[in-house]
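Structural description and commentary
Each chain, letter by letter, is given below.
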Amino acid sequence: DTAVSQTPKYLVTQMGNDKSIKCEQNLGHDTMYWYKQDSKKFLKIMFSYNNKELIINETVPNRFSPKSPDKAHLNLHINSLELGDSAVYFCASTQQAGDRGRESGYTFGSGTRLTVV
Amino acid sequence: EDQVTQSPEALRLQEGESSSLNCSYTVSGLRGLFWYRQDPGKGPEFLFTLYSAGEEKEKERLKATLTKKESFLHITAPKPEDSATYLCAVGEPGGGNKLTFGTGTQLKVEL
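For the structure given in this document, a descriptive report is provided here.

Conventions used here
- Residues numbered from 1 in each chain as written.
- Chains lettered and ligands numbered in written order.
- Predicted model: local features only at pLDDT ≥ 70, side-chain atom pairs only at ≥ 80, totals over all residues.
- Heavy atoms only, no water.
- Contact = heavy atoms within 4.5 Å.
- Buried area = accessible area lost by both parts, 1.4 Å probe.
- Salt bridge = Lys/Arg side-chain N within 4 Å of Asp/Glu carboxyl O.
- Buried < 20%, exposed > 50% of the residue type's maximum accessible area, 1.4 Å probe, protein only.
- Helix = DSSP H or I, 4+ residues; strand = E, 2+ residues; numbered from the N terminus.
- Pairing = 2+ DSSP bridges.
- Phe/Tyr/Trp six-rings, centres within 6.5 Å; stacked < 30°, edge-to-face > 60°.
- 1 Å grid on protein atoms, 1.4 Å probe; cavity = no way out; pocket = protein on both sides within 12 Å on 5 of 7 lines; lining within 4 Å.
- Points joined across faces, edges and corners; volume = space filled by probe spheres on them.
- Nonpolar A, V, L, I, M, F, W, Y, C, P; charged D, E, K, R; others polar.
- Axes fitted to C-alpha atoms, helices over the stretch in contact; angles between N-to-C directions.
- Core = buried A, V, L, I, M, F, W, Y, C linked by side-chain atoms within 4.5 Å.

1. A closer look at the interface of chain A and chain B
Each partner contributes residues to the interface: chain A has 28 residues there, and chain B has 23 residues. Of the roughly 2,000 Å² buried between chain A and chain B on both sides combined, carbon and sulfur atoms contribute 48%. Summed over the shared surface of chain A and chain B, the number is 1 salt bridge. One salt bridge connects E58 of chain A with K98 of chain B, and the closest N-O pair in it is separated by 3.1 Å.

Structure follows, in structure tokens:
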């Protein structure tokens, strides 16, 4: 009954490779996000989609490309991986982009630990 | 740019020893102050949302309060299972429900 599920949980890869992380939510939420958590536990937003439409695109290298085939899925593709991309990537979802959707906060996935060697 | 600062970075308590975590924020317009709990190897788990100064919310041994510049998470008579990292975040005006997070307080409660 996982609400927000990410795969894989761990990803170890070499510099220069291309990799994808998948996220699915079964909560019926309209908005999904990708956050990056660095080694100091700092969470920073990368992207947000509302019903398949990109609504937040923070200052993220072009090597990162999100894709939302439908409102229940948000994937993250990373090209030409670099050492600095090593982090934990979290997918999250909320009900909607308006004020009412905030009351329950985000529901986060359990994270994907990406290690670039 | 919105900023969120949490203190202390780490806190060690004995079981039953009450304390408070602080979250100071600077925002252009507050659309909610959020508290999350994060256990090792897991995603953050939502605890509370506060919207206006003077508001308080409680859940078991946790109580969150909000002023115009800061929020406190009070932990009363903590137990070892309360050990976790507690994250504070602020919501920003505009669309997208973007949250700006602090770096968290790592709490350890010992027997």
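After that view, the rundown keeps rolling.
2. Comments concerning the pairing of strand β8 (residues 70-75) of chain B
Residue and element names in this part refer to chain B. Going residue by residue along β8, you find S71, L73 and I75 tucked away on one face and E70, F72 and H74 left uncovered on the opposite face. For strand β3 (residues 19-26) and β8, the ladder comprises 6 bridges, and the chain directions are antiparallel. Within β8, the residue paired with S20 across the bridge is H74.

3. Details of the packing of aromatic side chains
Summed over the entire model, instances satisfying the criterion amount to 14 aromatic pairs over all chains. Here F90 of chain A and F108 of chain A contribute two aromatic rings whose centre-to-centre distance is 6.1 Å and whose plane-to-plane angle is 90 degrees, an arrangement assigned as edge-to-face. Within this pair, whereas F90 of chain A is found in strand β9 (residues 87-94), its partner F108 of chain A is found in strand β10 (residues 107-108), the two being separated by 18 residues in sequence. One exposure class covers both F90 of chain A and F108 of chain A, and it is buried. Taken together, Y33, Y35, F90, Y106 and F108 of chain A together with F34, Y36, F46 and F101 of chain B form an aromatic cluster joined through their ring pairs.

4. Things to note about the layout of surface pockets
Size it by volume and the largest pocket reaches roughly 350 Å³. Along its surface, the largest pocket is lined by 21 residues, and Q37, K41, A87, V88 and R113 of chain A are the ones closest to its centre. The greatest single-element share of the lining of the largest pocket, amounting to 4 residues, is contributed by strand β11 (residues 112-116) of chain A. Residue classes in the lining of the largest pocket are distributed as 6 nonpolar, 9 polar and 6 charged. Reported here for the second largest pocket is a volume of approximately 210 Å³. For the second largest pocket, the lining is made up of 14 residues, of which F42 and K44 of chain A together with E1, D2 and T100 of chain B are closest to its centre. At the level of secondary structure, the elements contributing two or more residues to the lining of the second largest pocket comprise β5 (43-50) of chain A together with β1 (3-7) and β10 (99-101) of chain B. Across the lining of the second largest pocket, the residue classes tally to 6 nonpolar, 2 polar and 6 charged.

5. Details of the pairing of strand β7 (residues 62-66) of chain B
Residue and element names in this part refer to chain B. The buried fraction of β7 is high, at 4 of 5 residues. Across 4 bridges, the pairing between strand β6 (residues 56-59) and β7 is antiparallel. Each residue of the ladder has a partner; that of K57, found in β7, is A64. Here β6 folds back onto β7 in antiparallel fashion, the turn holding 2 residues, of which E60 has a positive phi close to 55 degrees. In terms of strand pairing, β7 meets β8 through 5 bridges, oriented antiparallel. Bridged to L62 within β8 is I75.

6. Quick look at the sheet that holds strand β8 (residues 73-78) of chain A
Residue and element names in this part refer to chain A. Reading across from one edge, β1-β3-β8-β7 is the order of the 4 strands in this open sheet, with antiparallel pairing throughout. The open sheet has two free edges, formed respectively by β1 (4-7) and β7 (64-70), since each of these has just one partner strand. Strand-to-strand twist in this sheet, taken as the mean axis angle between neighbours without regard to direction, amounts to 20 degrees. Pairing of β7 with β8 involves 5 bridges; the strand directions are antiparallel. Across the sheet, the residue bridging to F64 is I78, located in β8.

7. Quick notes on the nonpolar core
Residue and element names in this part refer to chain B. Core analysis: the largest hydrophobic core is formed by 22 residues, its most contacted members being L33, W35, L73 and Y86. Of all elements in the fold, only β2 (10-14), β3, β4 (33-38), β5 (45-50), β7, β8, β9 (84-91) and β11 (105-110) reach the threshold of two or more residues within this core. Broken down by element, the residue count for this core peaks at 4 residues, all from β9. Setting aside chain neighbours within four positions, we find L73 in contact with S19, S20, L21, W35, F48, L62, K63, A64 and Y86.

Functional significance is not addressed by these values, which are geometric in nature.
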